[in-house]
Amino acid sequence: MRKEEKKLTLADIARFLEKYDVLELEDVTIKGDVELELGGSPGVALPPALIQALQSLMGVQRPQAPEGKELGELLPARFEAARAEWAGKIEEVTIGATRAEGGTRERTVTIGGERSLPFYNFDFEMPHKPVISLDCFDMPISLAKAVREHYEDVMEDPGEWAKKNVREFGAEMVTIHLISTDPTIKNTSARDAAKTVEDVLQAVKVPIVIGGSGNPDKDPEVLEAAAEAAAGERCLIASANLNMDYERIAKAALKHGHVIISWTQLDINAQKTLNRYLFKLGVPREDIVIDPTTAALGYGLDYAFTNIERMRLAALKGDKDLAFPISCGITNAWGAREAWMKNSPIKEDSDWGPARYRGPLYEIVTGLTLGLAGGDMFMMMHPQAARTVKRVTQMLFGAERGDDKAQKVEIADWVTWAGEVVKK
Amino acid sequence: MKLRSPMEIWGYLPGTNCGECGEKTCLAFASLLKERKRKLELCTPLFEARYAEKRKRLAELLAPEIREIEIGVGARAKKIGGEDVLHRHELTFFNRTALAYDVWDTMDAEELNERVRRITEWRKFYIGDFLTVDAIAIRSISGDAGRFAECVRAVAAQTDLPIVLCSFDANVLEAGLKEAADRNPLVYAADKANWKEVLGLVKRYKVPVTLFSPDLDTLSSLALTFSSAGVTNLVLDPGTYPTGEGLAESFSRFLRIRRAAILEEKKVVTYPLMAVPLTAWMRYGAENALEASYWEAAIASVFIIKYADIMILHSIEPHSMIAERTLVANIYTDPRRPVSVEPGLREIGAPTEHAPLFLTTNFALTYYTVESDISSNKIDSYLLVVDTEGIGVEAAVAGGQLNVGLIKEALESYKVAEKVNHKTLVIPGLAARLSGETEDATGWTVLVGPRDSGRIPDWMTTNWPPKSGS
Ligand code: SF4
């Protein structure tokens, strides 16, 4: 396909002339800008490339490309794109209660309220930026080294752990996972769990998420006790699921004034069903957040992304069963072996490099991906990953609008960028 | 694609149900065309002279909304664009985002060779195949045509990957084209200032070209001007600002362009889009390499998900390439492919009756991961694949799809006891909580394997064969 018509490329000519050390061409004269006479045949039309090659060889300034001249100016065009208007609106949900509201939190966090796809501010301004809740656990757990080194000093004490999340890592919310209550782990009692929740509420003044162990038989009892211990604080209770006594959890949340997470596994219909059950139990719409399940980068992230994106689109199109803020357990990213394993188990792979660089990036990419699908809230673990996801989502949200004008880099200069920091 | 249903497509086919295309009826073939699962060429009768008009019209109507262009030549040539939908579940995305990693003309020869080699040879195993990256972008930092030419020559000689020639100076670009025009490189870029010269160049060398402007009116103008001049292998770069409001605006430009192209059929912007996450490095500088690489990968993620068809990146550290390329694989996987594999008892290698028996779920991803970990390490074994409705181990244990009853049933219905002589089952570490109950219900000895199948080789050295009496 390439230049079939050409007989001799200008590169050939240049090389040819170079090879024979030709510095000057005899019998070649140049008239004006582009006309060229060769030998005894004046006026022969030569390909512009050839003219240029010859000219540059002879040190003649290169003229503008003749094709361009013929065209003159750019053809005028305007870019216009219609705004998308959606019928649906995502529920606005507030987590945490201040003293005035019957709790003891210093501030509350509100998520949801969208009338557009995430960060499509040109359709409709996103009302609340996504929020990040940093995880802590009620017992020391096995963590990837890159994560563990940040929490080693506080793993024995959930209150201290929560405090560190807020003070040192700037967490807007904290999630306490009551995993020790799992009968196959430590089988600690619901009362112990309630005590842990009280400790965490004492230790930090941000809104908190209370997570069970994920054991469907034990969680109803544990979360009920935790909800009671945290009465009036408007915590987020994680979670109600179809394969357990969700009714007991929902009723406890309702009674003690909490928000509940409705959790299903990559299944839109199950999510609609569970949400409807919750409506039937009298849970108000503004007390529901959904968790459609997070899968890690490389391990089902495509399913999680599409599942969330479809739910959000359905909600915007008017499906009220799905019009709720979405919570994502981004810490799941650490389940990917690439996040923690030292070397690839596959012998033919290129070198994986240090695991400590990979892990946080797996968390970042998983978080941003689900943020772009429709996630409103991210439960995360690695401080740097949380910081990066927060910065990017806030920028896309528009938090830095007006602030950054002076700092815009001359982006076209990336072509010649030579390693320095470009401050403009 | 301009046709909205198989019936509409059917109207353009011969309607003879001759079966030449491999389908029983023209309508069946039309359905597959609609899903972009077949090429029109398979309907050979349509290529008879009497159908010439219909064929031409149908080909036009079937063309994807976003123009598909190809860069490079040969086995590693890469198609970009060709998309028809805004959300992958509406059909699928077709041509995954091309990842182009940079080199520059001020590198010394050795450094350049090593970098080109690393990019060219990089690979990572993922679901039954090796992922690779797609292109090398050569930046002219020197601004010197001779130096650029030399660099292009060296790169072209060393790699079969497609090349992107990057400079705003037409002289420099031409020096690159002289070296590598036969490689069908993508030219970067024409802008408001240099467009006449670059237009001349790409017409002459017949290569695809990127148009750059963060101003969408100007970008549209450039696209209209080039296409009117007969140059339609275009890529649009609306600018990638790395931070702050600039980033938000860049994101919105990508969204608006792609939506206008697909939903409103705005012809002037129906071209592949380019993002340049490399601009992250301009804010962090080379001395903050880790942070810069994270920021670059973060921006890359945003634009992999939202509509970049090709992107230019700087970090070739493993963490960057693994994360970026895996995300591309995830977003561009066809969502129509099945989530699960057939349950059953698989033989890995040549297992004997003493071989270990591993259990996993029928979630395709889990299955292929475990299967490749075992086979790549040459562990002859049996793999019992149970039907968890296509859900992975951890989630299936939590959700109850992986349970003792299911395991018992699988052991019985696949007659596992007839294959092995040891009645020992290795379950995934993530299913540890099922071990006791499973022993009680099945009478088999249950060993808890590692939490990640990548550790099976290590696990084997201390745990297999099982010590008698345990
Ligand atoms: S080859 Fe063409 S005419 Fe024959 S059945 Fe297929 S679509 Fe119909």
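This is a predicted model, so every value here is computed, not measured. (Residues numbered from 1 in each chain as written. Chains lettered and ligands numbered in written order. Predicted model: local features only at pLDDT ≥ 70, side-chain atom pairs only at ≥ 80, totals over all residues. Heavy atoms only, no water.)

### Comments concerning the overall build of chain B
When you go through chain B residue by residue, the secondary structure sums to 17 helices and 17 strands. The C-alpha extent of chain B, read off along each of the three principal axes, is 80 × 65 × 40 Å. Across chain B, the fraction of contacts at a sequence separation of at least 24, relative to all contacts at a separation of at least 6, is 64%. (Helix = DSSP H or I, 4+ residues; strand = E, 2+ residues; numbered from the N terminus. Contact = heavy atoms within 4.5 Å.)

### Let's talk about the overall build of chain A
Secondary structure assignment for chain A yields twelve helices and twelve strands. Within chain A, buried positions represent 57% of all 424 residues. Within chain A, residue pairs in contact and separated by at least 24 positions form 68% of the contacts whose partners lie at least 6 positions apart. Taken as a whole, chain A presents about 18,500 Å² of accessible surface, with 49% of it coming from carbon and sulfur. (Buried < 20%, exposed > 50% of the residue type's maximum accessible area, 1.4 Å probe, protein only. Areas by Shrake-Rupley, 256 points an atom, 1.4 Å probe, with all protein chains shown as cover.)

### Comments concerning a nonpolar patch on the surface
All names here are of chain B. Taken together, Met7, Trp10 and Leu27 make up a surface patch of nonpolar side chains, about 280 Å² in accessible area. With respect to the secondary-structure elements, Met7 resides in helix α1 (residues 6–10). Take Met7: its relative accessible area is 49%, and that puts it in the partly exposed class. (Patch = residues over 30% accessible without salt bridge, like charges linked within 9 Å, V, L, I, M, F, W, Y side chains within 5 Å. Salt bridge = Lys/Arg side-chain N within 4 Å of Asp/Glu carboxyl O.)

### Quick word on empty space enclosed by the protein
Overall, the coordinates contain six cavities of 30 Å³ or more when judged by the stated rule. Counted as a void, the largest cavity has a volume near 120 Å³. Lining the largest cavity are 17 residues, and of these Tyr299(A), Arg337(A), Phe125(B), Tyr126(B) and Thr369(B) lie nearest its centre. Those elements that provide at least two residues to the lining of the largest cavity are β4 (124–126) and α13 (364–376) of chain B. If one sorts the elements of the lining of the largest cavity by residue count, α13(B) sits on top with four residues. (1 Å grid on protein atoms, 1.4 Å probe; cavity = no way out; pocket = protein on both sides within 12 Å on 5 of 7 lines; lining within 4 Å. Points joined across faces, edges and corners; volume = space filled by probe spheres on them.)

### A short note on the site of the ligand
Around the ligand, the surrounding shell consists of Pro14(B), Thr16(B), Asn17(B), Cys18(B), Gly19(B), Glu20(B), Cys21(B), Cys26(B), Phe29(B), Cys43(B) and Pro45(B). When the residues that make up the shell around the ligand are grouped by side-chain class, the tally is seven nonpolar, three polar and one charged. (Near = heavy atom within 4 Å. Nonpolar A, V, L, I, M, F, W, Y, C, P; charged D, E, K, R; others polar.)

### Notes on the domain arrangement of chain B
Annotation of chain B at the domain level lists domain 1 (6–62), domain 2 (68–331) and domain 3 (344–463). If you average the C-alpha positions of domain 1 of chain B and of domain 2 of chain B, the two centres end up 35 Å apart. (Domains from an automatic or database assignment.)

### Comments concerning the interface of chain A and chain B
Contacts between the two partners involve 107 residues from chain A and, on the opposite side, 119 residues from chain B. Each partner contributes to the roughly 10,000 Å² buried at the junction of chain A and chain B, and carbon and sulfur atoms together form 62% of this total. When the buried surface of chain A facing chain B is broken down by residue, Phe79(A), Trp414(A) and Trp417(A) rank first, second and third, together holding 9% of it. Counting across the chain A and chain B interface gives eight salt bridges. Note that Arg337(A) and Asp373(B) form a salt bridge whose closest N and O atoms lie 2.0 Å from each other. Run the count over chain A and chain B and you get 36 residue pairs in polar contact (both at pLDDT 80 or more). Breaking the side of chain A that touches chain B down by element, the ones donating at least two residues are α1 (10–19), α2 (48–57), α3 (66–71), α10 (301–316), α11 (355–373) and α12 (383–397) of chain A. For the side of chain A that touches chain B, the element with the most residues is α11(A), which contributes eleven residues. Taken together, the residues of the side of chain A that touches chain B sort by class into 53 nonpolar, 22 polar and 32 charged. (Buried area = accessible area lost by both parts, 1.4 Å probe. Polar contact = N/O pair within 3.5 Å; in protein donor to acceptor, adjacent residues only side chain to side chain.)

### Some points on the pairing of strand β3 (residues 92–95) of chain A
Residue and element names in this part refer to chain A. Of the two faces of β3, the one lined by Val93 and Ile95 is fully buried and the one lined by Glu92 and Thr94 carries no buried residue. Pairing of β3 with strand β4 (residues 109–112), which is carried by four bridges, proceeds in the antiparallel orientation. The residue of β4 that forms the bridge with Val93 is Ile111. (Pairing = 2+ DSSP bridges.)

### What to know about helix α9 (residues 244–263) of chain B
All names here are of chain B. Spanning 20 residues, α9 covers 29 Å between terminal C-alpha atoms, matching the ideal 28 Å at 1.5 Å per step. Taking burial as the measure, the 20 residues of α9 include 17 buried ones, the bulk of the element. Immediately downstream of α9, the backbone of Glu265 shows phi near 55 degrees, a positive value. (Expected span 1.5 Å × (residues − 1).)

### What about the side chain of Thr264(A)?
Residue and element names in this part refer to chain A. Topologically, Thr264 is positioned in the loop between β9 (259–263) and α9 (268–280). Residue classification places Thr264 among the buried positions, given a relative accessible area of 3%. Of the polar contacts made by the side chain of Thr264, one reaches the side chain of Gln271; its length is 2.4 Å. Once you skip the residues sitting within four places of it in the chain, Thr264 turns out to touch Ala270, Gln271, Leu274, Asp291, Pro292 and Thr293.

### Details of the sheet that holds strand β12 (residues 377–380) of chain A
Residue and element names in this part refer to chain A. Taken together, the eight strands give an open sheet; going across it, the order is β10-β9-β8-β7-β6-β5-β12-β11, and neighbouring strands pair in parallel fashion. Each edge of the open sheet carries a strand with a single partner, namely β10 (288–291) and β11 (327–329). The mean angle between the axes of side-by-side strands here comes to 30 degrees, regardless of whether they run parallel or antiparallel. Of the strand pairs in this sheet, strand β5 (residues 131–137) and strand β6 (residues 173–177) are connected by five bridges, and their pairing is parallel. The partner of Cys136 across the bridge, within β6, is Ile176. Helix-sheet contacts for α12 involve β5 and β12, and the interaxial angle to β12 is about 165 degrees. (Axes fitted to C-alpha atoms, helices over the stretch in contact; angles between N-to-C directions.)

### Thoughts on the nonpolar core
Grouped together as the largest cluster of nonpolar side chains are 218 residues, with contacts concentrated most on Ile210(A), Ile138(B), Leu211(B), Phe226(B) and Phe303(B). In terms of residue count, the dominant contributor to this core is helix α11 (residues 289–305) of chain B (eleven residues). If we skip the residues at most four places from it in the chain, Phe303(B) touches Thr240(B), Leu247(B), Ser250(B), Phe251(B), Phe254(B), Ala275(B), Ala308(B) and Met311(B). (Core = buried A, V, L, I, M, F, W, Y, C linked by side-chain atoms within 4.5 Å.)

### A few points about the confidence of the model for chain B
Averaged over all residues, the pLDDT of chain B equals 95, while 99% of them reach at least 70. Here the prediction assigns the complex a pTM of 0.86, and the interface score ipTM is 0.88. (pLDDT = per-residue confidence, 0-100.)

### Topic: a negative patch on the surface
Residue and element names in this part refer to chain B. Taken together, Glu342, Asp387, Glu389 and Glu409 make up a surface patch of like negative charges. Within the fold, Glu389 resides in the loop between β15 (381–386) and α14 (393–399). For Glu389, a relative accessible area of 61% puts it in the exposed group. (Lys, Arg positive; Asp, Glu negative; His and termini not counted. Charge placed at Lys NZ, Arg CZ, Asp CG, Glu CD.)

### Here's the deal with the environment of Arg283(B)
Residues and elements named next belong to chain B. Within the secondary structure, Arg283 is located in helix α10 (residues 280–284). The class of Arg283 is partly exposed, set by a relative accessible area of 21%. Among the polar contacts made by the side chain of Arg283, one reaches the side chain of Thr243 at a distance of 2.6 Å.

### Describing the packing of aromatic side chains
Enumeration over the complete set of coordinates arrives at 18 aromatic pairs over all chains. With centroids separated by 5.5 Å and ring planes inclined at 35 degrees, the aromatic side chains of Tyr120(A) and Phe122(A) adopt a geometry described as tilted. Ring centres of Tyr151(A) and Trp161(A) lie 5.4 Å apart, and the angle between their planes is 35 degrees; on these two criteria the pair is classed as tilted. Residue Tyr151(A) is found in helix α4 (residues 145–151), and its partner Trp161(A) is found in helix α5 (residues 158–167); the two are separated by ten residues along the sequence. You'll find Tyr151(A) and Trp161(A) in the same group, each marked buried. Aromatic ring contacts, followed pair by pair, group Phe137(A), Tyr151(A), Trp161(A) and Phe169(A) into a single cluster. Cation over ring: Arg391(A) sits above Trp295(B), and NZ or CZ is 4.6 Å from the ring centre. Here Arg123(B) stacks its cationic end above the ring of Phe130(B), 4.4 Å away from the centre of that ring. (Phe/Tyr/Trp six-rings, centres within 6.5 Å; stacked < 30°, edge-to-face > 60°. Lys NZ or Arg CZ within 6 Å of the ring centre and 35° of its normal.)

### A closer look at the sheet that holds strand β8 (residues 186–190) of chain B
Hydrogen bonds between backbone atoms are what pair the strands of a sheet, whose relative direction is either parallel or antiparallel. Residues and elements named next belong to chain B. The strand order across the open sheet built from eight strands is β10-β9-β8-β7-β6-β3-β12-β11, with neighbouring strands paired in parallel fashion. Pairing within the sheet leaves two strands with one partner each, and these edge strands are β10 (234–237) and β11 (274–275). Taken together, the four bridges between strand β9 (residues 209–212) and β10 define a ladder with parallel strand orientation. Across the sheet, residue Thr210 finds its bridge partner in β10, namely Val235.

### Notes on α12(A)
For α12(A), spanning 15 residues, the distance from its first C-alpha to its last is 21 Å, which sits close to the expected 21 Å at 1.5 Å a residue. Among the 15 residues of α12(A), twelve are classified as buried, and the element is accordingly described as predominantly covered. Turning to α12(A), its buried residues number three or more, namely Pro383(A), Gln384(A), Ala385(A), Ala386(A), Thr388(A), Val389(A), Val392(A), Thr393(A), Gln394(A), Met395(A), Leu396(A) and Phe397(A). Packed against the buried residues of α12(A) are β5, α4, α11 and β12 of chain A together with α9 and α11 of chain B. Looking one or two places after α12(A), you find Gly398(A), whose phi comes out positive at around 110 degrees.

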